[in-house]
Amino acid sequence: MEIRKITKEDAAKASRIYALSWKIAYRNIVPQNYLDSLSLDRWTPFLKDSLFDGYVLIEDGEYIATTSISPAREEEMQGWGEIISLYVLPEYFYKGYGKKLLEFAVSELKSQGFNDTFLWVLEENRQGRDFYERNNFIPNGDKTIIKIDGKELVEMRYVYNQNTKPSYK
């Protein structure tokens, strides 16, 4: 298994991971018309020119997962590291790849000088929330509203709690 920075040549493969993951993970959360309209290259331009650090997890030549991290984008969270995204191909859900990539993202942010890490997750995304909770992230009570295809969705801020051991519920 290899985790490395996304190159311009990796962008299309990482975009494919985003799109396929969204289509499964956000079913019955994000409007279906929006999910159906997502092309596999939807995120390619963003990933090629991103100001964030993007990484891919590759095993045996297969692109399996991707993450993007950065210093906090919000003024009130200055000094924190942020995990902007973490997506795994659906056929690799529950096989430990997401956990490996999440551990890498937290470690990479720490190596960049961020002792505290947070991320946003859709409130209705119980699968995602359970994953983060099993891996030492806890909701801190902050919420925000985003709109996707006209639907208002609540995002919850989760913060990394390095003082707890992972639970395996």
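Scroll up a little and you will see the structure.
Predicted model only: the values in this text are computed from it and were never measured.

Visitor: Please clarify how the nonpolar core should be interpreted in this entry.
Guide: Taken as a class, soluble globular proteins show a tendency for nonpolar side chains to be buried jointly. Counting 48 residues, the largest nonpolar core has Trp22, Tyr26, Val30, Ile83, Tyr132 and Phe137 as its most contacted members. Per-element accounting of this core gives the leading share, seven residues, to helix H1 (residues 11-25). Core analysis: the next-biggest nonpolar cluster, separate from the first, contains five residues, Ala72, Met77, Trp120 and Val159 among them.

Visitor: How do you make sense of the packing of aromatic side chains when you look at a structure like this?
Guide: To describe a pair of aromatic rings, you give the distance between the ring centres and the angle between the ring planes. Scanning the entire structure with this criterion turns up 13 aromatic pairs. Centre to centre, the rings of Trp22 and Tyr34 are 6.1 Å apart; their planes meet at 50°, and the pair counts as tilted. Of this pair, Trp22 sits in helix H1 while Tyr34 sits in helix H2 (residues 32-37), and the two are twelve residues apart along the sequence. In this pair, the class of Trp22 matches that of Tyr34, namely buried. Residues Tyr92 and Tyr97 carry aromatic rings whose centres are separated by 5.5 Å and whose planes lie at 90° to one another, so their mutual orientation is edge-to-face. The exposure class of Tyr97 is buried, given its relative accessible area of 13%. The ring of Trp43 carries Arg42 above its face, with NZ or CZ at 5.1 Å from the centroid. One Lys or Arg, Arg157, reaches over the ring of Phe118 and ends 4.8 Å from the middle of that ring.

Criteria and thresholds
- Residues numbered from 1 in each chain as written.
- Predicted model: local features only at pLDDT ≥ 70, side-chain atom pairs only at ≥ 80, totals over all residues.
- Heavy atoms only, no water.
- Core = buried A, V, L, I, M, F, W, Y, C linked by side-chain atoms within 4.5 Å.
- Buried < 20%, exposed > 50% of the residue type's maximum accessible area, 1.4 Å probe, protein only.
- Helix = DSSP H or I, 4+ residues; strand = E, 2+ residues; numbered from the N terminus.
- Phe/Tyr/Trp six-rings, centres within 6.5 Å; stacked < 30°, edge-to-face > 60°.
- Lys NZ or Arg CZ within 6 Å of the ring centre and 35° of its normal.

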